[in-house]
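Architecture and fold: a report
Here are the chains, one letter per residue:
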Amino acid sequence: MARIKDTSVDAVKATANIVDLVEARTRLRKVGARYTGLCPFHQEKTPSFSVSPDRGTYYCFGCQAGGDAISFVRETESLDFVGAIEWLADRFNVELEYEESSPQADAQRKHKERLYALLDQAATFYEKTLWAESGKPVQEYLVSRGLGEEVCREFRLGLSPAGATLAKKAREKGFTAEELAGAGLVTKRGSDNFQRRLMFPLTDARGRIVGFQARKLREDDPLRGKYVNSPEGELFHKSHVLYGLNLARGAVTKEDRALVVEGNTDVIALRQAGVMPVVASMGTALTEHQLRELKRLTQRLFLCFDSDAAGEDATLRGMELAVSQGFEVRVVALPRGKDPADDPAGFEERLGAAEPYAVHRVRLELDHARDKQHAYLRVQDILNGIPESPERHDAWRLANDRLGLTVQLRRAGSAATGAAASPRLIDAGDRLEREALAGCVAHADLIPVLAEMSADHFDNELHRRLRTHLVDGGEEEADLVPLIAELDARAAAEAIDEATGKELLLRLRERHLRRELADADLEQTKEIQEQLAKVREAVQALA
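Residues numbered from 1 in each chain as written. Predicted model: local features only at pLDDT ≥ 70, side-chain atom pairs only at ≥ 80, totals over all residues. Heavy atoms only, no water.

Our focus in this paragraph is the sheet that holds strand β11 (residues 278-280). A sheet is described by the order of its strands in space; here five strands give the open sequence β11-β10-β12-β13-β14, paired in mixed fashion. Edge positions in the sheet fall to β11 and β14 (355-356), since each has one partner strand and no second. In the sheet, strand β10 (residues 258-261) pairs with β11 via three bridges, with the strands oriented parallel. Among the inter-strand pairings, V260 is bridged to a residue of β11, identified as V279. (Pairing = 2+ DSSP bridges. Helix = DSSP H or I, 4+ residues; strand = E, 2+ residues; numbered from the N terminus.)

Scanning the entire structure with this criterion turns up 11 aromatic pairs. Look at Y126 and F212: their rings are 5.2 Å apart centre to centre, the planes differ by 85°, and that puts the pair in the edge-to-face class. With Y126 in helix α5 (residues 103-130) and F212 in strand β8 (residues 209-215), this residue pair connects regions lying 86 residues apart in the sequence. Each member of the pair Y126 and F212 is classed as buried. Ring geometry for F200 against Y243: centres 6.1 Å apart, planes inclined by 80°, an arrangement best described as edge-to-face. You can see F200 sitting in strand β7 (residues 197-203) and its partner Y243 sitting in the loop between β9 (227-229) and α10 (245-255), a full 43 residues away along the chain. Neither F200 nor Y243 differs from the other in exposure class; each is buried. By the ring-pair criterion, three or more aromatic residues cluster together here, those being F41, F49, Y58 and F72. Above the plane of the ring of F92 lies R91, whose end atom (NZ or CZ) is 4.6 Å from the centre. (Phe/Tyr/Trp six-rings, centres within 6.5 Å; stacked < 30°, edge-to-face > 60°. Buried < 20%, exposed > 50% of the residue type's maximum accessible area, 1.4 Å probe, protein only. Lys NZ or Arg CZ within 6 Å of the ring centre and 35° of its normal.)

Residues separated by three or four positions in an α-helix point in the same direction, a consequence of the helix having 3.6 residues per turn. Of the residues making up helix α12 (residues 288-295), those classed as buried are Q290, L291, E293 and L294. With its buried residues spanning 155° around the axis, α12 presents them on a single face. (Arc of directions from axis to C-beta.)

Their axes nearest at 8 Å, the elements helix α15 (residues 357-368) and helix α17 (residues 390-403) cross at an angle of 20°. When the axis of α15 is compared with that of α17, the two are roughly parallel. Along this stretch, α15 crosses α17, giving a crossing that reads as right-handed. Contacts between α15 and α17 involve A358, V359, V362, R363, L366 and D367 on the former and, on the latter, E391, R392, D394, A395, L398, A399, R402 and L403. In terms of residue class, the contact of α15 with α17 is built from eight nonpolar, no polar and six charged. (Axes fitted to C-alpha atoms, helices over the stretch in contact; angles between N-to-C directions. Parallel < 35°, antiparallel > 145°, perpendicular 65-115°, else oblique. Left-handed = near helix turned anticlockwise from the far one by under 90°. Contact = heavy atoms within 4.5 Å. Nonpolar A, V, L, I, M, F, W, Y, C, P; charged D, E, K, R; others polar.)

This part takes up the side chain of R218. Turning to its location among the elements, R218 is positioned in the loop between β8 and β9. Under the relative-accessibility criterion, R218 is labelled buried at 18%. Polar contacts involving the side chain of R218 include one to the main-chain carbonyl oxygen of Q195, which spans 3.4 Å. Among the polar contacts made by the side chain of R218, one reaches the side chain of D220 at a distance of 2.8 Å. Those residues within four positions of R218 in sequence are excluded, and the remaining contacts are Q195 and R196. (Polar contact = N/O pair within 3.5 Å; in protein donor to acceptor, adjacent residues only side chain to side chain.)

The strand order β6-β7-β8-β9 describes an open sheet built from four strands, whose pairing is antiparallel. What marks the edges here is a single partner per strand, and that holds for β6 (158-160) and β9. Taken pair by pair, the neighbouring strands of this sheet meet at an average axis angle of 35°, ignoring direction. Where β6 and β7 come together, three bridges link them in antiparallel fashion. Within the sheet, the bridge partner assigned to G158 lies in β7 and is M199. The strands touched by α5 within the sheet are β6, β7 and β8, with β8 carrying the most contacts at an inclination of about 35°.

Here we take up the layout of surface pockets. Quantified by volume, the largest pocket comes out at close to 1,300 Å³. In terms of lining, the largest pocket is formed by 39 residues, of which the most central are E86, Y116, D204, R206 and R208. Breaking the lining of the largest pocket down by element, the ones donating at least two residues are α4 (81-91), α5 and α12. By residue class, the composition of the lining of the largest pocket is 17 nonpolar, eight polar and 14 charged. (1 Å grid on protein atoms, 1.4 Å probe; cavity = no way out; pocket = protein on both sides within 12 Å on 5 of 7 lines; lining within 4 Å. Points joined across faces, edges and corners; volume = space filled by probe spheres on them.)

A word on the nonpolar core. Taken as a class, soluble globular proteins show a tendency for nonpolar side chains to be buried jointly. Core analysis: the largest hydrophobic core is formed by 58 residues, its most contacted members being Y126, L157, L185, F212, Y243 and I268. Of all the elements, α5 adds the most residues to this core, at nine residues. Among the nonpolar cores identified, the runner-up in size contains 39 residues, and A258, Y357, A358 and A399 belong to it. (Core = buried A, V, L, I, M, F, W, Y, C linked by side-chain atoms within 4.5 Å.)

On to a positive patch on the surface. On the surface, a cluster of positive charge is contributed by K128, K168, K169 and K173. Here K169 lies in helix α8 (residues 165-172). (Patch = residues over 30% accessible without salt bridge, like charges linked within 9 Å, V, L, I, M, F, W, Y side chains within 5 Å. Areas by Shrake-Rupley, 256 points an atom, 1.4 Å probe, with all protein chains shown as cover. Salt bridge = Lys/Arg side-chain N within 4 Å of Asp/Glu carboxyl O. Lys, Arg positive; Asp, Glu negative; His and termini not counted. Charge placed at Lys NZ, Arg CZ, Asp CG, Glu CD.)

Moving on to the pattern of salt bridges. Inspection of every chain in the model, using the stated rule, returns 39 salt bridges. Put simply, E433 and R511 hold a salt bridge, and the shortest N to O gap is 2.8 Å. One end of the pair, E433, is in helix α18 (residues 428-442); the other, R511, is in helix α22 (residues 498-518), and 78 residues separate them in sequence. The class of E433 is buried, set by a relative accessible area of 1%. R511 gets classed as buried once you look at its relative accessible area, which sits at 14%. In this structure, a network of salt bridges that share partners links the residues E320, R361, E365, R378 and D381.

Time to look at the confidence of the model for the protein chain. Per-chain confidence: the protein chain averages 87 in pLDDT, with 95% of residues scoring 70 or above. pLDDT under 50 marks residues 412-426. Its contacts with residues more than four places away, or in other chains, come to 25 contacts. (pLDDT = per-residue confidence, 0-100.)

Under the defined criterion, the tally for this structure stands at zero disulfides. Here C39 is not disulfide-linked; the sulfur of C60 is the nearest cysteine sulfur, at 3.6 Å. (Disulfide = S-S within 2.5 Å.)

In strand β3 (residues 49-52), alternate side chains face the same way, and those of F49 and V51 on one face and S50 and S52 on the other are all buried. Strand direction decides the pairing type here: strand β2 (residues 34-37) and β3, joined by three bridges, are antiparallel. Bridge assignment links Y35 to a residue of β3, and that residue is V51. Note that β3 and strand β4 (residues 57-60) share four bridges and pair antiparallel. For F49, the partnering residue across the bridge sits in β4 and is C60. Linking β3 to β4, which pair antiparallel, is a turn of four residues; within it G56 sits at a positive phi near 75°.

Quick look at the structure:
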């Protein structure tokens, strides 16, 4: 893939407005030269999220998330570096230039761009067809399902007409038969792949349309399935798609939970009812790729299936995969024949009664085991694979009550992990280094003082590299950006002014001299002691 030119990356960094980006996710309040608000990356009641418009960085004192506009977009939109740059360029109208690459790579990139453009125009065509006079019957069908026009337009629902109407329109706009086939829009004979069906656009992590799911509207439809997806191809891979994720991402992050349902209309109905962090798994069990997308946003999953689906082997494998990847999984088993869309207003109440995975899994085994001995062995095997937790204990107690005996378990295993470990406590020495560097980040006049100190004054390798960057300048390395964002926020929060910053640097120099003194010979001792005395005098002068 062609590399974006450094000048274009710099232009994006200079143009991107961090306040605008963050305010799209959470409300901010101006406090002095900074902004503060509730963190969009975790749930909190007291604002701990700090944004610096001058430096273009953010930092959360609660969950330690920090960085710049690029890292913010990478986290909130689940993109890699290149994807984040392209997203920001599109958001702030920056034209990107790419380095020269092989003709084959350029051709492939342009080919994919053409497919994305074709699919987007196809979605627009389907939308116009749905909301035209001829689409009235389908509009009435949507109303009968309780779906209003506003939410249907938000999800870009459409209607595919009969014949080869889309193919003809696309060719008139310059798209080729090969491109139509590559986008999964036509059959081998060149007619429209989807005809007289309700169309649901499917998007990737960047919100680009990669394919469609088409719902049957009439009995004489030649396509057998009630729901038919675009064929697997260059852009569309069913196992990669979570329906509605592009719209739900912000809510998933903010509420720290993802609600996974079976159907697209469930997603739409729940969003219409104000339940925002909801996605659909495309009618399949959760896949590794889907879970990777969700893992970037939350570790809490609510899986909402009808009573039959919640016990199917494929669905259980998806649950087990999620648990093994460290998700906290709870299961909402709906009554037979009921969907979340049937009562979206009461859905939050159902979520409150959701079963932890361990309890749900044990209950299923108890309900379906052929005899007590079989149930005992299956429950024992399941619980031995779940780490110790209140939920595991509840499941164990349920099994004991139902079986009338005590299930003997091994010590809880580590097949699954819970929430991420808390950040390690920073010891006094590490804290001194960080606060001294925070003063330098906030006050450029301290850089000459820092330059007088070697990298050996810092124990932490990342701190050493930041010292070198601050002294020598040059391009910020990616892993230094979050640290700079944190130190800038800490300098403001802890009121580290220039005098305090200078004192911290002197304390750091004093620590270094003390260490040298411990290993000094007789000739060196006097000189080091004299240097220590000068440092102490300088500290006293600042008091």
